[in-house]
Amino acid sequence: MQITCPHCGPRAQAEFVYERTVDSVVPLDATPEEAMKTLFTRNNPRGVDEEIWRHTFGCRAWMVITRHRVTNEITAIRAVGPEAIP
Amino acid sequence: MINFTFDGKAYQAQAGDTLAAALLRNGIGLVGRSFKYHRPRGIMTAGVEEPNALVTVGEGGRTEPNTRATDVFVYEGLVARSQNRWPSLSLDFGAILGLAAPIFSAGFYYKTFFGSAKRWMFYEYFIRKAAGLGDAPSEADPDHYSQRAAFCDVLVVGAGPAGLQAALEAAEAGKRVILVEQDSILGPSLIRDPQKLDAAWIEAIAARIRAAGGRILTRTTASGYWEHDLVTLTQRISEPGQVPADSVAQRLWHVRAGQVILATGSIERPMAFAHNDRPGVMLSQAVRTYVQRFGVTPGKRVVIATNNDDAYKTAHALQDAGAEIVAIIDARPAPAGADNGFPVHNDAVPLSTKGARHCLKSVSAQVGGVTKSWDADLLAVSGGFTPVVHLHMQAGGTLDWNEAAQAFVPAKSRQNVTTIGGAANPDPVFTVTPASNPKKSFIDFQNDVTLADVDLAWAEGYRSVEHLKRYTTLGMATDQGKLSNMAALGRLAEKQGVAIPEAGLTTFRPPYTPVTMGLFAGSGAKDGGAHIRRLALYDVHAAKNPIWQPLGYWFRPRAYPANGETMQQSSRREARTVRTSVGMTDVSTLAKFEISGPDAAAFLETVCATTVNKLAVGRGRYTFMLREDGFVFDDGTVWRLDENRYLLTSSTGGADRMATLLSYVRQYLCPQLRVSAVNVQEHYAGIAVAGPQAKAALTALIGEEPPRHMSTVPATIAGVPVIVLAASYSGERAFEIYVEASHATPVWAACETEVSAHGGCLFGMDAMDFLRIEKGHLVVGTEVDGRLTPQDLGLDKMLNKAGGFIGASGLSRTAFSEPGRRQLVGLEAIEGTIAEGAMLITREGETPQGHVTAAGIRVMEGGSIALGQLEGGFERHGEELIATSPTRGQKARIRVVQPHFYDSAGERYRD
């Protein structure tokens, strides 16, 4: 794939590491039930999903990528982190 | 003339010959033996789809097995050998298997799984010996493989007339163009069929493409189409087995294209009839290629079997070359076009061939219900054309069924790719239903699959094309079914009573043609591709000639044997020196992070499961981290260097994932925290000094009273600023000295002088392991293996009661408090020596209830001790068990004890 890093522009997928889906993030204040549900009974859509990637072999910034998991079409990429807080 | 050898005999080829052309030129018809039945096989095609003429090329480390004779161009000194035959190609004992063919039908080896295992073992021995292709080379490949990234606006695959034209138009429109052709020449199909467009036309077009800035790569195969229009090209710079001129044998290109144009043409199909695999049976276009391009006429008396017009071009070419056309067997009912003077038989399908090992002798056919036969030494077959849609399909495209051509053609594309030329518009054909004995009618030549095998799979209930493929192995050879898939689909559809498109297709996977492994490894082929990372103090250690041990990315000294000591003796001496006076070791590889900012403590309390914010400046403490599901993830120490500045250490092996975790928390989970987390793992070198004399040595080194246990001070050693931490892993009074890595050598030297002066020595990782096992200190990766909770490891008293850290919500799961969980225990031997990794059992033959995570010795007294995980271990102290390691052949009677064996009160590391 070709991924457009919000900080570096279009780069080869080899520079990035997939980390997890957005819906797998356990909030720090989650109840045990919520935490277990988030970790172990997640969606696995055959379609669009929001994923957390990191430009590990580039600027190392994290980002959220909206990707179609069959066609790999990327419809949105958003920066995260302290720098992205308005 | 070019000299080459085949099976040890010398021959001559002409410039530009493929090995197949050169073999035909020398009258060699028998080239190989088939995979399963060892049937004699010759050359069937003139391209990469060749299923039969597989040879081993080259010698030593350059040996390449299973090379298609049609896809290697002869060079001076080429050495080729036939495969899968013993003792020789013409006298092959394996051919006896052919007589037993009824036994080796589809799914034969699956059927051997039924019944006793011994039966399969018996068959396996013979199957492995008899079936197969060439042998893999045993020597290392001496050549280099390079990789290159490239970008272009338009990538054109295939330099036939359509591809050349497309590349020319794009290049002259100012676009960056790459044109690739797997053959050694451009426009091979124009050379095969020279009509209005000839070699001069090709050269003129190529010159214009180059003049417009286009790049043309021959002997280059577009082997894979990946996401977002990334196409991998495999470029042959030298031929298989050839010594490369500039040491680079092949190059792998990663081309990111704005647009891809596929002009990949089509592959001619064989027909299914009995003994259609005999040497002397060739595809019609291949015959024409040998005649027109290479000037070799593969036969004198020729029968042509066809269902289309294209084969008539072959008849003309052969006639012009002086061969006699004995008969044209045309499946179509009506005479095709005007009288061409050939003996054409309409409504005719081939039935069988006869011949000897090396050659064809006669061909029979069914002509309008009557069987006829002709003497012939060559049968040219054309069963229609299969468009090469592999790249289109790899790119996620769909196919349409072209009824007139009886072929799948590209339909929708998911990426920016279009298919043009023959691959999009194959010639029309007439459908032929095979009429002869299915048992000898081969469809997958390379894997010896016949029509009868498809029928058998169907009869045994295999309905899906994917199941058919796996059961019969059809399409699974190195040619990946380029010739066979359509024939099999036709038969399957016939059985199902449906049209071919409804029977379905198997997946097209890269690579299009086989790729040598060296290409993927590229320049990283040596040393497993891993970069060597060296400790800052590498030279200092190397001068002492230690025994090295890999740890994380690094090598660390395992022991420093002196005066002919064994490693065991040395490690024991080093550990005892630490217990009795003082020792020092390099701990530079530990993960280290500097956490600073107003919210540094809050950040650390998110990552760590222990409290941090009560830590006074200049103090430190042990800490551990959890995964989100509550299991222990890593451990280390945290030190408050300043009001808002902390140093966090954690395990060497977990350094990367810890760095990722810190980054995740800072950037994703808690971006509101005002904190920076900098990885200083290799910024600092670390030296640990431990033992009863450590305090005296440190006092001398820093010129003041060293910090008390779990405290830190900045100091200067040998004029270099350092951070001194008082922490003990060995159980003795101990210090860790952190120094900027580039200034570590003088600090190490000063420490070594002072340690020696106090009767100490260097110690390696083995000694450190003995010391920490005796103290029951954890190692991430052994005791902390991702399956134990803080409770299981006895760490729960240290948990931050306020919660709010990663993994806190996982801790209250009921499973974590159920009885029978594995828990950390100490083990001491009553009889025998405990082996690392040994299983813990109550009696022989029982299910293991735990295992030994680390085995060591009592450093001073001797005696085998260990740490382990044991079901319900906390409640079982005093119980006797067996620690058995069948792999090491070691067994010991043991007693379960507390997981610390030395100074339980911790008096030795405090002042």
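Per chain, residues are indexed from 1 in the order of the written sequence. Here the convention is simple: chains get letters from A, ligands get numbers from 1, in the order in which they are written. In keeping with the model being predicted, local features are shown solely for residues with a pLDDT of at least 70 and side-chain atom pairs are shown and tallied solely at 80 or more, while totals for entire chains, interfaces and linings include all residues.

1. So, the overall build of chain B
Worth spelling out the cut-off: Helix and strand assignments come from DSSP, with helices taken as H or I runs of at least 4 residues and strands as E runs of at least 2, each series counted from the N terminus. Our radius of gyration is a C-alpha quantity, and the globule rule it is checked against amounts to 2.2 Å times the number of residues to the power 0.38. By definition, residue pairs are in contact when their C-beta atoms, positioned from the backbone, come within 7 Å.
Along the backbone of chain B there are 22 helices and 47 strands. Its C-alpha atoms give chain B a radius of gyration of 37 Å, clearly above 29 Å, the size a compact globule of 911 residues would have. Dimensions of chain B, computed from C-alpha atoms along their principal axes, come out at roughly 110 × 70 × 55 Å. In chain B, 65% of the contacts between residues at least 6 apart in sequence involve partners at least 24 apart.

2. Quick word on the overall build of chain A
Here is the rule we go by: Exposed residues have 12 or fewer other C-beta atoms within 10 Å of their own C-beta, buried residues have 20 or more, and residues in between are partly exposed; the C-beta atoms are placed from the backbone.
For chain A, the helix and strand inventory stands at one helix and six strands. Mapped from its N terminus to its C terminus, chain A presents α and β elements in the order β-β-β-α-β-β-β. In terms of its C-alpha atoms, chain A occupies a principal-axis envelope of roughly 40 × 30 × 20 Å. For chain A, the proportion of its 86 residues judged to be buried stands at 13%. Partitioning the contacts of chain A with sequence separation of at least 6, the portion at a separation of at least 24 is 46%.

3. Here we look at the pairing of strand β19 (residues 348–355) of chain B
All names here are of chain B. To be explicit about the condition: The pairing criterion for strands is at least two bridges between them, as found by DSSP.
Counting buried positions along β19 yields seven of eight residues, so the element is predominantly enclosed. Where β19 meets strand β20 (residues 360–367), seven bridges bridge the pair, whose relative direction is antiparallel. Counterpart to Ala348 in the pairing with β20 is Val367. Between β19 and β20, which follow one another and run antiparallel, lie four residues.

4. Digging into the sheet that holds strand β6 (residues 74–79) of chain A
Residue and element names in this part refer to chain A. Applicable threshold: To get an axis, a line is fitted to the C-alpha atoms, and for a helix only the part in contact is used. The angle between two axes follows their N-to-C directions and goes from 0 to 180 degrees.
Judged by pairing direction, the sheet is antiparallel, and its four strands sit side by side in the order β3-β4-β5-β6 without closing on themselves. Edge positions in the sheet fall to β3 (17–21) and β6, since each of these pairs with one other strand and no more. Here the strands of the sheet are splayed against their neighbours by 30° on average, with no regard to which way each runs.

5. Brief notes about the confidence of the model for chain B
For the record, the criterion: The pLDDT score gives, residue by residue, the confidence of the prediction method on a 0 to 100 scale.
Averaged over all residues, the pLDDT of chain B equals 93, while 97% of them reach at least 70. Model confidence for the complex: the whole-complex pTM is 0.87, and ipTM, which rates the interface, is 0.97.

6. Observations concerning helix α19 (residues 655–669) of chain B
Just so we agree on the cut-off: A helix is expected to span 1.5 Å for every residue after the first.
Helix length check: α19 of chain B (15 residues) gives 20 Å between terminal C-alpha atoms against 21 Å at 1.5 Å per residue, within 8%. Every buried residue of α19 of chain B is listed here: Ala655, Met658, Leu661, Leu662, Val665, Arg666 and Gln667 of chain B. Next to the buried residues of α19 of chain B lie β5 (62–68) of chain A together with β32 (591–596), α18 (600–607), β34 (632–642), β35 (645–650) and β36 (676–679) of chain B.

7. Brief notes about helix α13 (residues 485–496) of chain B
Residue and element names in this part refer to chain B. Under the 1.5 Å per step criterion, the end-to-end length of α13 is 16 Å for twelve residues, consistent within 8% with the ideal 16 Å. Restricting attention to buried positions, one finds in α13 the residues Asn485, Met486, Ala487, Ala488, Leu489, Gly490, Arg491 and Leu492. Packing partners of the buried residues in α13 comprise β23 (385–387), β27 (442–444), α11 (451–459), α12 (465–472) and α14 (500–503). Phi for Gly497, located one or two positions after α13, is positive at around 70°.

8. Some words on the interface of chain B and chain A
Quick reminder of the rule: Throughout this entry, Asp, Glu, Lys and Arg are counted as charged residues, while Ala, Val, Leu, Ile, Met, Phe, Trp, Tyr, Cys and Pro are counted as nonpolar. The remaining residues, Gly among them, count as polar.
Across the boundary between the two partners, chain B contributes 19 residues, which contact 20 residues of chain A. The element contributing the most residues to the side of chain B that touches chain A is α19 of chain B, with four residues. Of the residues assigned to the side of chain B that touches chain A, the class counts are three nonpolar, ten polar and six charged.

9. Thoughts on the domain arrangement of chain B
Residues and elements named next belong to chain B. To be explicit about the condition: These domain boundaries are the output of an automatic or database domain assignment.
Looking at chain B, the domain boundaries give domain 1 (2–130), domain 2 (144–266), domain 3 (270–383), domain 4 (538–588 + 683–771), domain 5 (592–679) and domain 6 (814–911). Of note, the centres of domain 1 and domain 2, computed from C-alpha atoms alone, are 30 Å apart. In this complex, domain 1 contributes twelve residues to the contact, which on the side of domain 2 involves six residues. Residue composition of the side of domain 1 that touches domain 2, grouped by class: seven nonpolar, three polar and two charged.

10. Description of the sheet that holds strand β37 (residues 684–690) of chain B
All names here are of chain B. Spatial ordering of the open sheet is given by β38-β39-β40-β37-β31-β41, a layout of six strands whose pairing is mixed. Each of the sheet's edge strands pairs with one partner strand only, and the pair in question is β38 (712–717) and β41 (761–762). With six bridges connecting them, β38 and strand β39 (residues 720–725) associate as antiparallel partners. Of the residues in β39, the one forming a bridge with Thr716 is Pro721.

11. Things to note about the packing of α11 of chain B against α12 of chain B
Two packed helices can be described by the angle between their axes and the distance between those axes. All names here are of chain B. To be explicit about the condition: Angular relationships are summarised with four words: roughly parallel below 35 degrees, roughly antiparallel beyond 145, roughly perpendicular across 65 to 115, and oblique for the angles in between. For a crossing to be left-handed, the near helix must be turned anticlockwise from the far one by less than a right angle; the clockwise case is right-handed.
Put simply, α11 and α12 touch, their axes get as near as 10 Å, and they point 120° apart. Taken together, α11 and α12 sit at an angle that is classed as oblique. As α11 runs across α12, the sense of the crossing is right-handed. Residues Asp453, Val454 and Ala457 of α11 pack against Leu468, Tyr471 and Thr472 of α12. When the residues that make up the contact of α11 with α12 are grouped by side-chain class, the tally is four nonpolar, one polar and one charged.

12. Quick word on unusual backbone geometry
Residues and elements named next belong to chain B. With an omega of 0°, the peptide bond running from Pro510 to Pro511 counts as cis. Within the element layout of this structure, Pro511 appears in the loop between α14 and α15 (517–521). With phi around 50°, Gln480 is a residue other than glycine that occupies positive phi space.

13. Details of the environment of Lys300 of chain B
All names here are of chain B. Position of Lys300 relative to the elements: it lies in the loop between α8 (284–292) and β16 (301–306). Separated by 77 residues in sequence, Lys300 and Asp377 place their C-alpha atoms 6.6 Å apart. With sequence-adjacent residues up to four places away left out, Lys300 is seen in contact with Ala323, Glu324 and Asp377.

14. Concerning the packing of α11 of chain B against α13 of chain B
Residue and element names in this part refer to chain B. Where α11 contacts α13, the two axes come as close as 10 Å, and the packing angle between them is 40°. The angle between α11 and α13 falls in the class oblique. In the packing of α11 onto α13, the handedness of the crossing is right-handed. The residues of α13 that touch α11, namely those facing Leu451, Val454 and Trp458, are Ala488, Arg491, Leu492 and Lys495. Residue classes in the contact of α11 with α13 are distributed as five nonpolar, no polar and two charged.

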